[in-house]
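Observations on chain architecture
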Amino acid sequence: MLPSQILSNPALTHYAILTAMLAPAFFLTATASLLGSANARLARVIDRTRALLRELADDQNGDADDRRILEARIALQRRRSRIILRGSQLLYVAISCFVGTSLTVAGDSLLDHRFEQAPTVLACLGVLAMFASSLLLAREAAIAVHAVNEEMDDAHRKANRRSPLI
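Now for a look at the structure at hand. (Residues numbered from 1 in each chain as written. Predicted model: local features only at pLDDT ≥ 70, side-chain atom pairs only at ≥ 80, totals over all residues. Heavy atoms only, no water.)

As a further point, take the layout of surface pockets. Taken as a whole, the largest pocket spans an internal volume of roughly 230 Å³. Contributing to the lining of the largest pocket are 13 residues, with Arg44, Val45, Arg80, Ala144 and Val148 lying nearest its centre. Listed by contribution, the elements that provide at least two residues to the lining of the largest pocket are α2 (10–58), α3 (64–110) and α4 (118–162). No other element matches the seven residues that α4 contributes to the lining of the largest pocket. Taken together, the residues of the lining of the largest pocket sort by class into six nonpolar, one polar and six charged. (1 Å grid on protein atoms, 1.4 Å probe; cavity = no way out; pocket = protein on both sides within 12 Å on 5 of 7 lines; lining within 4 Å. Points joined across faces, edges and corners; volume = space filled by probe spheres on them. Helix = DSSP H or I, 4+ residues; strand = E, 2+ residues; numbered from the N terminus. Nonpolar A, V, L, I, M, F, W, Y, C, P; charged D, E, K, R; others polar.)

Have a look at this one:
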């Protein structure tokens, strides 16, 4: 079939429109997966922060060095939570853009193609928001690994102070 025959056939035009409306669904699935991961990470950061705050409140010996370490860890968790929040916000923007893409494809066909590049622009914005969010979440993961490594090093130092290796 020639392109002009496809456009003149209403059934095929409807299928083309529906296909174009469904294409953002693949991006929506990926975005939802990232958002679920980001929310789980945020929950873990919150749990860790609460544990650190309990440690700080229960600190009876008043060792200034231990207190400084706890406060630094709490500050690091705050930083992580902010990064995850920004990443999550960008994922919500991406979801909005992908849903908007589907709606503008439908609206464009109903209004005799008056939206021109709007669906493409919305799809590009959604992909960019997803990309930016992925970068933020990768950065947060690196910070998390660094934090765990520091905690292991501190625990090792404390253990060696109590009973040094021979």
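There's plenty left to go through after this.
Counting residues in each nonpolar core, the largest one holds 10 residues, listed as Leu35, Ala38, Val45, Ile84, Leu91, Ala94, Phe98, Ala129, Met130 and Leu137. Take this core: its biggest share by element is four residues, from α3. Not counting residues within four places of it along the chain, the set of residues in contact with Ala129 comprises Leu90, Val93 and Ala94. (Core = buried A, V, L, I, M, F, W, Y, C linked by side-chain atoms within 4.5 Å. Buried < 20%, exposed > 50% of the residue type's maximum accessible area, 1.4 Å probe, protein only. Contact = heavy atoms within 4.5 Å.)

Bringing the packing of aromatic side chains into the picture now. All chains considered together, the criterion is met by one aromatic pair. Ring geometry for Phe27 and Phe98: centres 5.0 Å apart, planes at 15°, overall stacked. Of this pair, Phe27 sits in helix α2 while Phe98 is found in helix α3, placing the two residues 71 residues apart along the sequence. (Phe/Tyr/Trp six-rings, centres within 6.5 Å; stacked < 30°, edge-to-face > 60°.)

Turning next to α3. When the terminal C-alpha atoms of α3 are compared, their 69 Å separation across 47 residues agrees well with the 69 Å that a helix rising 1.5 Å per residue should span. The residue sitting at the N-terminus of α3 and contributing the capping side-chain oxygen is Asp63; that oxygen lies 3.2 Å from the backbone nitrogen of Asp65. Asp112 sits one or two residues past α3 and shows a positive phi near 60°. (Expected span 1.5 Å × (residues − 1). Polar contact = N/O pair within 3.5 Å; in protein donor to acceptor, adjacent residues only side chain to side chain.)

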